[in-house]
Amino acid sequence: MACLKLGSKSEVFHLDGQTWLCSTGLPSDVIVEVGETSFHLHKFPLLSRSGLLEDIIGELPSEDENKCSLELHDIPGGAKAFLLVAKFCYGVRLELNALNVVVVRCAAEYLRMNEEYGEGNLIMQTEEFLNEILGNWTDSIKVLETCEEVSPHAEELHIVSRCINSLAMTASADPSLFSWPMSGKGTVQSPDGVGFWNGIGTTSKPHPINEDWWFEEVSFLKFPFYKRLIRAVEAGGMNLEKVAGSIMYYARKHLSLLGRQSCFLNGNRAAPASTVSASSDADQRNLLEDIVELLPDQKGVTPANFLLRLLRTSMLLHASPSCRENLEERVGAQLEQAALEDLLIPNMGYSVETLYDIDCVQRILDHFMLMDRDSVDYSSNSIVDEGQLSDGSQALTRMTVVAHLVDGYLAEVSPDVNLKLQKFQSLASLIPEYARPLDDGLYRAIDIYLKAHPWLTDSEKEQICRLVNCQKLSLEASTHAAQNERLPLRIIVQVLFFEQLRLRTSVAGWFFVSENLENSQNLSGNLPLVRNEVPVQAGTRRGLERVVAVDDMKERVSELEKECLSMKQEIEKLVKTKGSWNSFLKKFGLRLKPKSVKKPSKLSCNGSEELPTSIGPLMNGKENFENKELRD
């Protein structure tokens, strides 16, 4: 740390209780009171350096000339600063450094210690020293920290702004251009890889300096100074991601509740053990609101998971509604970046109905939909497959990611017995149908909800199941749904019906491809091409294999058609008599055994659109889907 020594005399001041005495051999003729401390000094050294003291002593009555008393309770820096000033006036050795130069400079200005009262007076000496040390990062930090003690006076003398400008310029520059120690490192590296510490050379490798080297040191500043520094680096053109990184570091350091993850184990709410006293809750709340306002507005600059943690903390501290709304809008603008665990915000309301704050997530999703409504046509009901998504617009991809996130969130909150059906439907229906390439995630959430709410009526079950498009269920989900006793029978029939349609399309496409292959082989055989005997024999052998495969498939299709017709008749009887699904499975118990048939495994009957032909694979599919749920 840089320092400046003023004066040459040895120490002549000594403390006696609350009184400073000057042992010059002459009796004191003036007493200066500063707070509870008294200084027994002499008029001449003070009058020769201070314009204020000259005026005050000159206005005293003549009878008080021999022994006068002054009060300087308003001097910046108090008794500590006046002691340094008095030493300067007496020519006693005085050491200026980054920790005391601000209070001495402000006290000198207060006492009017300019060049009119002696060449090289204290104002000029402190100004020159300030100009010297403000080019150093570490000293500038220390100077700015001491400005808080004499903030109004330091502001008037532009010391604060000079410190902030110096720090902002250094933080925005390339750290490799500087040679002084930064981030608490006391070693300066030479180009030869030799480190110097206190003038002693040591062989060492230079440590690379990261772009966030300044985050920690500025985090010790009080927020008003830190805020001005951030505004200065923003105005200087610093990358906004680095600005947001510094703010995040500052928030984690000063917001004690920010890093705490709320405990929700086995569905039980754990009361947060606050580390902040009730008296400081208001300070923490004000600081959080100020930090939220300081964050850059640009989308994607601040990570969504950090914004969600800020939102959770704002609820714990009961921040203002405008602060929470601001955070919800920021999260909604980049919801596709959020993680499921960050969305599980505990319900902090006084009238707690559900375990998690579902209304908050719905507001976030509303903001997301509002911002994306111009980029995608939400009136479209077309089904988008995965191939289209890979070539589609970025907005559609974002919507698909959010749809997957919402389905996962619904699956997590569904076990809550207090979750109302209308709230579940409201959240699930916010996602447009085209945003889900598959409805497996939504089906899984609905299945969990039905399991946790067995008291729902049949009409309510059908109402919630309408959210799922049975045509967009995977084979695994379809086979699980076909045997799910929690689903209404109407939904099960729809699942089987659409699976049969999918199978018919697949088989028809397979036959079309096979016929084209046969035709192409016949045409190629008639062409007068000169080929070797071995390739011709190989081609004939492959052709025979395809013919055999086609014959086997035709035989299998015939069997499936018979099974399809039989099962259709049984289901029609079942629907008419309103029998249970279990009785239906018992009737077809012989078909529950899995068959070693390659996909496609179902085929439509001759006639109109029919139901699947065999439910053997459905049993295996149900087990696979339930195992997948356990893995998830």
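J.: So what about the overall build of the protein chain? Which residues, and what values?
T.: When you go through the protein chain residue by residue, the secondary structure sums to 26 helices and 12 strands. Evaluated residue by residue, the protein chain yields a buried proportion of 44% over its 632 residues. Here the analysis covers contacts within the protein chain between residues at least 6 apart in sequence; of these, 72% occur between residues at least 24 apart. Accessible surface computed for the protein chain: about 33,000 Å², of which carbon and sulfur atoms make up 52%.

J.: Can you break down the pairing of strand E6 (residues 68–71) residue by residue, with the values?
T.: With burial as the criterion, only one face of E6 is covered, namely that bearing Cys68 and Leu70; the residues Ser69 and Glu71 on the opposite face remain uncovered. Sheet topology places strand E4 (residues 30–34) next to E6; 4 bridges connect them, and they run parallel. Within the sheet, the bridge partner assigned to Ile31 lies in E6 and is Ser69.

J.: I'd love a proper account of the sheet that holds strand E2 (residues 13–16), names of residues and values included.
T.: Whether parallel or antiparallel, the strands of a sheet pair through hydrogen bonds between backbone atoms. Ordered by their spatial adjacency, 5 strands build an open sheet running E2-E3-E5-E4-E6, and the pairing between neighbours is mixed. Sheet topology places E2 and E6 at the edges, where each strand pairs with a single neighbour. Across the sheet, the mean angle separating the axes of adjacent strands is 20° when strand polarity is ignored. Along the sheet, helix H3 (residues 78–90) makes contact with E2, strand E3 (19–22), E4 and strand E5 (37–41), crossing E5 at roughly 10°.

J.: Can you lay out the packing of aromatic side chains for me, pointing to particular residues and giving the numbers?
T.: All told, the structure shown has 9 aromatic pairs when counted by the stated rule. With a centroid separation of 4.9 Å and 70° between ring planes, the pair formed by Phe39 and Phe82 is classed as edge-to-face. Within this pair, whereas Phe39 is found in strand E5, its partner Phe82 is found in helix H3, the two being separated by 43 residues in sequence. Like Phe82, Phe39 is buried. Clustering of aromatic rings is evident, with ring pairs tying together Trp214, Phe215 and Tyr249. The aromatic ring of Phe220 is capped on one face by Lys253, whose charged end is 4.3 Å from the ring centroid.

Each value, and the rule that gives it
- The numbering scheme is per chain: residues are counted from 1 as the chain's sequence reads.
- Where totals are concerned, whole chains, interfaces and linings use all residues; where local detail is concerned, this predicted model gives features only for residues with pLDDT of at least 70, and gives and counts side-chain atom pairs only at 80 or more.
- No hydrogens and no water enter the side-chain calculation; it runs on all heavy atoms of the structure.
- Comment: elements are numbered from the N terminus, with helices defined as DSSP H or I runs of at least four residues and strands as E runs of at least two.
- Partly exposed residues are those whose accessible area sits between 20% and 50% of the maximum for their type, while under 20% is buried and over 50% is exposed, using a 1.4 Å probe and protein chains only.
- For this analysis, residues touch if any pair of their heavy atoms sits within 4.5 Å.
- Here the open area of atoms and residues is found with the Shrake-Rupley method and a 1.4 Å probe, where only the protein chains shown may cover a residue.
- We call two strands paired when DSSP finds no fewer than two bridges between them.
- Under this scheme, a helix contributes an axis fitted over its contacting stretch, all axes are lines through C-alpha atoms, and angles between N-to-C directions fall in the 0 to 180 degree range.
- Two rings from Phe, Tyr or Trp (for Trp, the six-membered ring) form a pair when their centres are within 6.5 Å of each other. A pair whose planes differ by under 30 degrees is stacked, one over 60 is edge-to-face, and the rest are tilted.
- A positively charged side chain is recorded as over a ring if its NZ (Lys) or CZ (Arg) lies within 6 Å of the ring centre. The angle to the ring normal must also be within 35 degrees.

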